[in-house]
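# Structural features, examined
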Amino acid sequence: MLTVSHLKRPGLVDASFSLSLGECVAVRGPSGAGKSLLLRAIADLDPSDGEVSLEGCPRNSMSGPQWRQLVGYLPAEPGWWADRVGQHFRDWAAAKPLLDRLGLPDEARDWPLTRPSTGERIRLALIRALANDPKVLLLDEPTAALDAVAVAAVEALMAERVAAGLAVLWVTHDAAQGERVARRFLRIEAGQVVNEECRA
Amino acid sequence: MTGYIALSAADLALGSLLVLANALLSLALHLGVHRRLLIAAVRMVVQLSLMGVVLTTLFSHVSPLWTGLAALMMILFAGREATARQDRPLAGWWSFGLGTASMTLAASLVTIFALTTALGPDPWYDPRYAIPLLGMILGNTMTGVALGLHSLTNGVALRRSAVEARLMLGASRFEALGPVIRDSLRSALMPVINSMAATGVVSLPGMMTGQILGGVAPMEAVKYQILIMFLISGGTGLGAVAAVLGSARRLTDSRHRLRLDRLTSR
């Protein structure tokens, strides 16, 4: 279980909630309400106050890199550090099944970074994040730039991973998507987690 | 030494006519730089004359205290200059502090190394050797440190999402900053590499020219110049590594987060 208690940072008033392993919670709220700031704070990419722990282990008991291997984060615009797509993967062959599943060709390995579209980049970054085998995955509008087929593929893949025990915090603007992927919702307004509603 | 031709004030006045000619050119062509040109020329004359007086005094006393003090002043000016050359320096005293500390480390180590081994004057801190040597090493180390820091801080700010992408996947801060650090060190070393490659073909170094004009045999002057180039490349490398790694550390924290809030925003 991921437990967040009294998490604060500039732009985020006070967030407390928990997320079980094998659960997907959708995060909703207007633009600029602090959804991305919340995800960055949980991933420990920016300084923040409050307690965050995973299965009883406070994040300060491990190093930043160890924490981020357990708690993966897929930002809305993922970054790339090398010239070719394949250089961003430790083991391209191991990623192959997921590439197939999300409609990406094997040749993508040699693509220069100028080649993939926004939607392809998101899918590549999702596969890259899953390759670390995280316990928790923080998704920031992962399907905003995808077509209907790709959205369905990503949702199906995530549902499978959640069933296998992955915890997912899924930021989405699409109400229908929220209903599809999650049973529980967090609503963020003006930097505050204002309510949690459960669906039967 | 076979002696040299001493210059009189009239000789210098004659030379200064060329600067005046430049100023007239600026007026005639509306370049608008005549004021700055004349001020810079006057500054150069005043600063060098003061340096002449200081060196004369230092040389006649051979005191470790005064030599050290002069070296310290030179290092502080170099630190200020290296900070001023950056677009987004580290906030607070960090930029000046880290730049100055790395230059102090690199320039003094290399200078003392040369003074106690190859040159070996007696005493080793004899200002006639120590001060000009430090000046040459420091000047080049400063260029390297300033370029390295400029490239690091700019690179981190521009390549933020690339650096953070690696951090998100669990890379350590030095892994994530690796490409930016390598680029910064490369740009710090480039001027030394280029000047070593061009020396003797395209340019005659100032120090060697000075020695030859002063009556030293060309081969002797060349040997001095070769040693100086080695010392300069050693100082630049050491200073740039210390400054760039120190700043990379300051740009991240113990939780391996990128801390761009520690840069001055312009």
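### Quick notes on the confidence of the model for chain B
- On average, chain B scores 93 in pLDDT, and the residues at 70 or more come to 99%.
- Mean pLDDT values over the elements of chain B span from 89, in helix 8 (residues 206-213) of chain B, up to 97, in helix 6 (residues 160-168) of chain B.

### A few points about a nonpolar patch on the surface
- Where nonpolar side chains cluster on the molecular surface, the patch consists of B:Leu65, B:Trp66, B:Leu69, B:Leu72, B:Met73, B:Leu76 and B:Phe77 and spans about 730 Å² of accessible area.
- Structurally, B:Met73 is set in helix 3 (residues 64-84).

### With respect to the interface of chain A and chain B
- Listed by partner, the interface residues are 24 residues for chain A and 17 residues for chain B.
- With both chains or domains summed, chain A and chain B bury close to 1,700 Å², and 54% of this area falls on carbon and sulfur atoms.
- Where chain A meets chain B, there are three salt bridges.
- For B:Arg255, the salt bridge identified is with A:Asp44, shortest N-O distance 2.8 Å.
- At the boundary of chain A and chain B, one finds 10 residue pairs in polar contact (both at pLDDT 80 or more).
- Every element with two or more residues in the side of chain A that touches chain B is listed here: helix 2 (64-70) and helix 4 (118-130) of chain A.
- Tallying contributions element by element places helix 2 of chain A first for the side of chain A that touches chain B, with five residues.
- Residues belonging to the side of chain A that touches chain B are distributed by class as follows: 10 nonpolar, seven polar and seven charged.

### Quick word on the packing of helix 4 of chain A against helix 5 (residues 148-163) of chain A
All names here are of chain A.
- It is at 12 Å that the axes of helix 4 and helix 5 come closest, and there the two elements cross at 10°. Considered as vectors, helix 4 and helix 5 are oriented roughly parallel to each other. Here helix 4 contributes Arg 123, Leu 126 and Leu 130 to the contact with helix 5, which in turn contributes Ala 150, Val 154, Leu 157, Met 158 and Arg 161.
- For the contact of helix 4 with helix 5, a count of residues per class yields six nonpolar, no polar and two charged.

### Examining the packing of helix 4 (residues 94-119) of chain B against helix 5 (residues 127-158) of chain B
Residues and elements named next belong to chain B.
- Relative orientation of the contacting elements helix 4 and helix 5 amounts to 145°, with a least axis distance of 9 Å. For helix 4 against helix 5, the interelement crossing comes out right-handed. Listed contacts from helix 5 to Gly 99, Met 103, Ala 106, Ala 107, Val 110, Thr 111, Ala 114, Leu 115 and Leu 119 of helix 4 are Tyr 129, Ala 130, Leu 133, Leu 134, Ile 137, Leu 138, Thr 141, Met 142, Val 145 and Leu 149.
- In terms of residue class, the contact of helix 4 with helix 5 is built from 16 nonpolar, three polar and no charged.

### Observations concerning unusual backbone geometry
- A cis amide bond, omega -5°, links B:Asp122 with the succeeding residue B:Pro123.
- Assignment of secondary structure puts B:Pro123 in the loop between helix 4 and helix 5.
- Here A:Ala190, not a glycine, exhibits a phi torsion of approximately 50°, which is positive.
- Structurally, A:Ala190 is set in the loop between strand 9 (184-189) and strand 10 (192-198).
- For A:Ala190, a relative accessible area of 68% translates into the label exposed.
- With a phi angle near 55°, B:His30 is a residue other than glycine that sits in the positive phi range.
- Here B:His30 lies in the loop between helix 1 (9-28) and helix 2 (34-61).
- On the basis of relative accessible area, B:His30 is assigned to the exposed category, the value being 71%.

### With respect to the side chain of A:Asp46
- When you line up the elements, A:Asp46 lands in the loop between helix 1 (35-42) and strand 4 (49-54).
- For A:Asp46, the side chain forms a polar contact with the side chain of A:Arg9, separated by 2.7 Å.
- For A:Asp46, the side chain forms a polar contact with the side chain of A:Arg40, separated by 2.7 Å.
- Those residues in contact with A:Asp46 that lie beyond four places of it in its chain are A:Arg9, A:Arg40 and B:Arg257.

### Thoughts on the pattern of salt bridges
- Scanning all chains against the criterion turns up 18 salt bridges over all chains.
- A:Glu160 is the partner of A:Arg101 in a salt bridge, and the nearest nitrogen-oxygen pair spans 2.8 Å. In this pair, A:Arg101 is assigned in helix 3 (residues 92-101) and A:Glu160 in helix 5, connecting sequence segments 59 residues apart.
- A:Arg101 gets classed as partly exposed once you look at its relative accessible area, which sits at 34%.
- A salt bridge links B:Glu220 to B:Lys223, with the nearest nitrogen and oxygen atoms 3.3 Å apart. Taken together, the positions of B:Glu220 and B:Lys223, both in helix 9 (residues 218-250) and three residues apart, correspond to about one turn of that helix.
- Take B:Lys223: its relative accessible area is 48%, and that puts it in the partly exposed class.

### Some details on helix 3 of chain A
Residue and element names in this part refer to chain A.
- Here helix 3 has its buried residues at Trp 92, Ala 95, Leu 98 and Leu 99. Seen along its axis, helix 3 keeps its buried residues to an arc of 110°; they face one direction. Along helix 3, the residues that are exposed and aim more than 90 degrees away from the buried face are Ala 93, Ala 94 and Pro 97.
- Packed against the buried residues of helix 3 are helix 4 and helix 5.
- Two or three places before Ala 93, at the opening of helix 3, Asp 91 has a side-chain oxygen 3.3 Å from that residue's backbone nitrogen.
- Positive phi shows up at Gly 103, right after helix 3, with a value of about 75°.

The rules behind the values
Residues numbered from 1 in each chain as written. Chains lettered and ligands numbered in written order. Predicted model: local features only at pLDDT ≥ 70, side-chain atom pairs only at ≥ 80, totals over all residues. Heavy atoms only, no water. pLDDT = per-residue confidence, 0-100. Helix = DSSP H or I, 4+ residues; strand = E, 2+ residues; numbered from the N terminus. Patch = residues over 30% accessible without salt bridge, like charges linked within 9 Å, V, L, I, M, F, W, Y side chains within 5 Å. Areas by Shrake-Rupley, 256 points an atom, 1.4 Å probe, with all protein chains shown as cover. Salt bridge = Lys/Arg side-chain N within 4 Å of Asp/Glu carboxyl O. Contact = heavy atoms within 4.5 Å. Buried area = accessible area lost by both parts, 1.4 Å probe. Polar contact = N/O pair within 3.5 Å; in protein donor to acceptor, adjacent residues only side chain to side chain. Nonpolar A, V, L, I, M, F, W, Y, C, P; charged D, E, K, R; others polar. Axes fitted to C-alpha atoms, helices over the stretch in contact; angles between N-to-C directions. Parallel < 35°, antiparallel > 145°, perpendicular 65-115°, else oblique. Left-handed = near helix turned anticlockwise from the far one by under 90°. Buried < 20%, exposed > 50% of the residue type's maximum accessible area, 1.4 Å probe, protein only. Arc of directions from axis to C-beta.

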